[in-house]
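# Structural overview for review
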Amino acid sequence: MKGIEQRKAEHIKVSLEEDVVSAFDHWDDVKLVHDALPEVDLDEVDTSTVLFGRKLSCPLMVTAITGGHSQGERVNRNLAEACANLGIALGVGSQRPALEHGPRESYEVVKEYDVPLRIGNIGAPQLINQKNKRAFGLDDAREAIDMIDADLLAVHLNFLQEIAQPEGDTNAKGCYDGIRSLSRELPILVKETGAGISRRVALRLKGIGVRGLDVAGAGGTSFSKVEGRRAAKMGDRKCMRIADTFGEWGIPAPVSVIWADVGLPIIASGGVENGLQAVKGIVVGADCAGVARAVLKEALESPRAVEEKLGLIIEEMRIAMFLTGSKNVRELGNAQHIITGATREWASMEKEV
Ligand SMILES: Cc1cc2nc3c(=O)[nH]c(=O)nc-3n(C[C@H](O)[C@H](O)[C@H](O)COP(=O)(O)O)c2cc1C
């Protein structure tokens, strides 16, 4: 296996086998107020929504996980079949391996399924020349979109991961211009990968025509920890130390949803493991919730396993809607809630950042 493919496979293995999750569950600081008299039939709760012009059965998506290596095709096939059956959105993992040289089948498989909203993926660090590596431009972005007939292309921001990676691309100068150039021509969603998006960054991205934001805030998979475990296996003490120091770095996911609310569609993600957390994301301002780690194990198993897990999350979302007296997703946006603890303190800083 070549370097990048091997790295992608290791990310899955490490994420499944090691403790790479944030020590804090920031969603726990968001409390929904119980409605003891909801005046709604659970069976009539309408979870459907429209996101980026596409009708979804529920405001839920599986965010980017993988592609480009031997397991990638199985993962994307299993995810695509389940998302199509359930009528929810799907993002594929970084398409860099396919754009650079590799086989495309592991991404192209998602076209075989009727997924209502498909999202491609490339990394912001690849939009500029890194240590003499070729930068991706508009043609590559178009190719990534065509590869899966994507409705949107996600550009991921992952500099926390890059600093903790022995082979990391740590030059961020020019990425903003790179995203601007793509946004002029293509529907671009910007996503983080576990460290969150601040209000300042959200406003800068809105200013250059980005269509939406997936906050991927802190609280779930920590890519600093993932890279730290890989560094340990390679005996790279410097990266192990850096990964450890920055293991809890990032803007808590619920705070990032609140801060990044600048008038663009928002995906609440980062540590969403169940339907109650997904609903909390929507109550604090998102249009949809996103999960990655929550379906990782199932994605390696079968479409059935993924569908069952996502089905449970959707059922929990419906129950949380019922218990807050929300008949539909619009009403859910107005559900009563309180924010406690450190998350409340972060959120109160909104005006300063
Ligand atoms: C094994 C693994 C691989 C990932 N690969 C990508 C990727 O290629 N591109 C990307 O934008 N995000 C990638 N992510 C990040 C997720 O899309 C998500 O933003 C992050 O894991 C936080 O969500 P979670 O706490 O639900 O896992 C990956 C996550 C995991 C667990």
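Here is what the cut-offs are and how they apply
Residues numbered from 1 in each chain as written. Predicted model: local features only at pLDDT ≥ 70, side-chain atom pairs only at ≥ 80, totals over all residues. Helix = DSSP H or I, 4+ residues; strand = E, 2+ residues; numbered from the N terminus. Expected span 1.5 Å × (residues − 1). Buried ≥ 20, exposed ≤ 12 C-beta atoms within 10 Å, placed from the backbone. Arc of directions from axis to C-beta. Core = buried A, V, L, I, M, F, W, Y, C linked by C-beta atoms within 7 Å. Contact = placed C-beta atoms within 7 Å. Near = placed C-beta within 6 Å. Nonpolar A, V, L, I, M, F, W, Y, C, P; charged D, E, K, R; others polar. Pairing = 2+ DSSP bridges. Axes fitted to C-alpha atoms, helices over the stretch in contact; angles between N-to-C directions.

### Things to note about helix H14 (residues 303–323)
Taking 1.5 Å as the rise per residue, H14 with 21 residues should run 30 Å; its terminal C-alpha atoms sit 30 Å apart, in good agreement. Among the residues making up H14, those that are buried are Pro303, Val306, Glu307, Leu310, Ile313, Ile314, Met317, Ala320 and Met321. The buried side chains of H14 occupy one side of the element, clustering within an arc of 145° when seen end-on.

### Topic: the nonpolar core
Core analysis: the largest hydrophobic core is formed by 107 residues, its most contacted members being Leu79, Cys83, Leu90, Leu153, Val215 and Ala268. Apart from residues lying up to four places away in sequence, Leu90 is in contact with Met61, Val62, Leu79, Ala80, Cys83, Val110, Val115, Arg118 and Ile119.

### Quick word on the environment of Leu90
Turning to its location among the elements, Leu90 is positioned in strand E5 (residues 89–91). Residue Leu90 is classed as buried on the basis of its 24 C-beta neighbours within 10 Å. Residues Leu90 and Glu167, spaced 77 residues apart in sequence, show a C-alpha to C-alpha distance of 28 Å.

### Focus: the site of the ligand
Around the ligand sit 27 residues in total, of which Gly93, His156, Gly220, Thr221 and Arg293 are the nearest. For the shell around the ligand, the element with the most residues is helix H1 (residues 3–17), which contributes three residues. A class-by-class count of the residues in the shell around the ligand yields ten nonpolar, 15 polar and two charged.

### Some details on the sheet that holds strand E11 (residues 288–291)
The eight strands are arranged E4-E5-E6-E7-E8-E9-E10-E11 in a closed barrel whose pairing can be described as parallel. Pairs of neighbouring strands in the sheet enclose a mean axial angle of 25°, with direction left out of account. By the bridge criterion, two bridges tie strand E9 (residues 212–214) to strand E10 (residues 266–269) in an arrangement that is parallel. By the bridge assignment, Leu213 is partnered in E10 with Ile266.

### Quick word on unusual backbone geometry
The phi angle at Glu39 is positive, at roughly 50°, despite the residue not being glycine. Examined against the element boundaries, Glu39 turns out to sit in the loop between strand E1 (30–32) and strand E2 (49–51). Even without a glycine there, the phi angle at Phe52 is positive, about 50°. Considering the arrangement of structural elements, one finds Phe52 in the loop between E2 and strand E3 (54–56). The class of Phe52 is partly exposed, set by 17 C-beta atoms lying within 10 Å.

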